[in-house]
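This is what each chain is made of:
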Amino acid sequence: MAETKTKKSGSSTKGAVKTTRQQNAEKGFTASPALASNLQLVLVDLLELAIQGKQAHWNVVGRNFRDTHRQLDEIIDDARAFSDTIAERMRALHAVPDGRSATIAKTTTLPAFPAGEVSTTETIDLVTERLEAAVGTMRDVHDAVDEEDPTSADLLHAVIERLEQFAWMVSAENRSPAGR
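Note that the coordinates shown come from a computational prediction; the quantities given were computed from them, not determined experimentally.

**Re the overall build of the protein chain**
Counting secondary structure elements, the protein chain contains six helices and four strands. Along the protein chain, from the amino end to the carboxyl end, the secondary structure elements read β-β-α-α-β-α-α-β-α-α. Sequence separation of at least 24 residues holds for 73% of the intrachain contacts in the protein chain that already meet a minimum separation of 6. As presented, the protein chain carries roughly 10800 Å² of accessible surface, and 50% of it is formed by carbon and sulfur atoms.

**Re the nonpolar core**
Residues Leu46, Ile86, Leu131, Met138 and Leu163 are the most contacted members of the largest nonpolar core, which totals 41 residues. When residues of this core are traced back to their parent elements, those giving at least two are α2 (33–59), α3 (65–92), α5 (120–148) and α6 (150–171). Residues contacting leucine 46, with those up to four places away along its chain left out, are Ala79, Phe82, Ser83, Ile86, Met138, Val159 and Leu163.

**Considering unusual backbone geometry**
Notably, asparagine 64 is not glycine yet its phi reads approximately 65 degrees, a positive angle. Considering the arrangement of structural elements, one finds asparagine 64 in the loop between β3 (60–61) and α3. The exposure class of asparagine 64 is partly exposed, given its relative accessible area of 34%. For histidine 94, which is not glycine, the phi torsion reads 65 degrees and is therefore positive. When you line up the elements, histidine 94 lands in the loop between α3 and α4 (101–107).

**As for the pattern of salt bridges**
Tallied over the full model, the rule gives six salt bridges. Of the charged contacts in the structure, one is a salt bridge between lysine 54 and aspartate 73, with a shortest N-O distance of 3.5 Å. One end of the pair, lysine 54, is in helix α2; the other, aspartate 73, is in helix α3, with 19 residues separating them in the sequence. Looking at aspartate 73, the relative accessible area reads 27%, which means it is partly exposed. Its salt-bridge partner being arginine 139, residue glutamate 164 comes within 2.8 Å of it at the nearest N-O pair. One end of the pair, glutamate 164, is in helix α6; the other, arginine 139, is in helix α5, and 25 residues separate them in sequence. For glutamate 164, a relative accessible area of 34% corresponds to the partly exposed category. On the basis of relative accessibility, which here comes to 48%, the residue arginine 139 falls in the partly exposed class.

**Observations concerning α2**
The α-helix winds at 3.6 residues per turn, so residues separated by three or four positions along the chain end up facing the same way. The end-to-end C-alpha separation of α2 is 39 Å, in line with the 39 Å expected for 27 residues at 1.5 Å each. With respect to burial, α2 is a largely interior element, 19 of its 27 residues being buried.

**Some thoughts on the packing of α5 against α6**
Where α5 meets α6, the closest approach of the two axes is 9 Å, and the angle between their N-to-C directions is 160 degrees. Considering their axes alone, α5 and α6 lie roughly antiparallel with respect to each other. Pair α5 / α6 crosses with left-handed handedness. Tallied by class, residues from the contact of α5 with α6 come to 17 nonpolar, five polar and five charged.

How each quantity is defined
Residues numbered from 1 in each chain as written. Predicted model: local features only at pLDDT ≥ 70, side-chain atom pairs only at ≥ 80, totals over all residues. Heavy atoms only, no water. Helix = DSSP H or I, 4+ residues; strand = E, 2+ residues; numbered from the N terminus. Contact = heavy atoms within 4.5 Å. Areas by Shrake-Rupley, 256 points an atom, 1.4 Å probe, with all protein chains shown as cover. Core = buried A, V, L, I, M, F, W, Y, C linked by side-chain atoms within 4.5 Å. Buried < 20%, exposed > 50% of the residue type's maximum accessible area, 1.4 Å probe, protein only. Salt bridge = Lys/Arg side-chain N within 4 Å of Asp/Glu carboxyl O. Expected span 1.5 Å × (residues − 1). Axes fitted to C-alpha atoms, helices over the stretch in contact; angles between N-to-C directions. Parallel < 35°, antiparallel > 145°, perpendicular 65-115°, else oblique. Left-handed = near helix turned anticlockwise from the far one by under 90°. Nonpolar A, V, L, I, M, F, W, Y, C, P; charged D, E, K, R; others polar.

What follows is the structure, encoded as structure tokens:
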């Protein structure tokens, strides 16, 4: 359906110009297929991190359960928020994010999380491994993202900083002081 717009110059009308909805669509920077693909890789790993975090949260057992359970909630909340930020950035760049479960399962770089109850000690190691895998994906695509779109790279910086902080904090649960 075409819309009619009237151009005005001063007080006189020069004439009507027909435009289509496509022509009235948002303009601005559009992600290349490579940029969209790189952001999609980050998106699926963040979504998978949230899903696996919830699996761990529901099934963790053992010493220091409560702290581990609560820390997993923080990771899950941030992974969900970051995935939304990345998906909305993709939309702002006219790319279409795909967060369907089949897409996540097929394309995530995170290893599968075990079924059933998992001890707190094993959960700490598994979650640390997944945090590091998600960060690894972001570091792998970072330079290409930064070259095309520094604004999207800035988002990756914030996500990397937070997930690396989580990896340090979570992994500290299973460490002993150096030299002891």
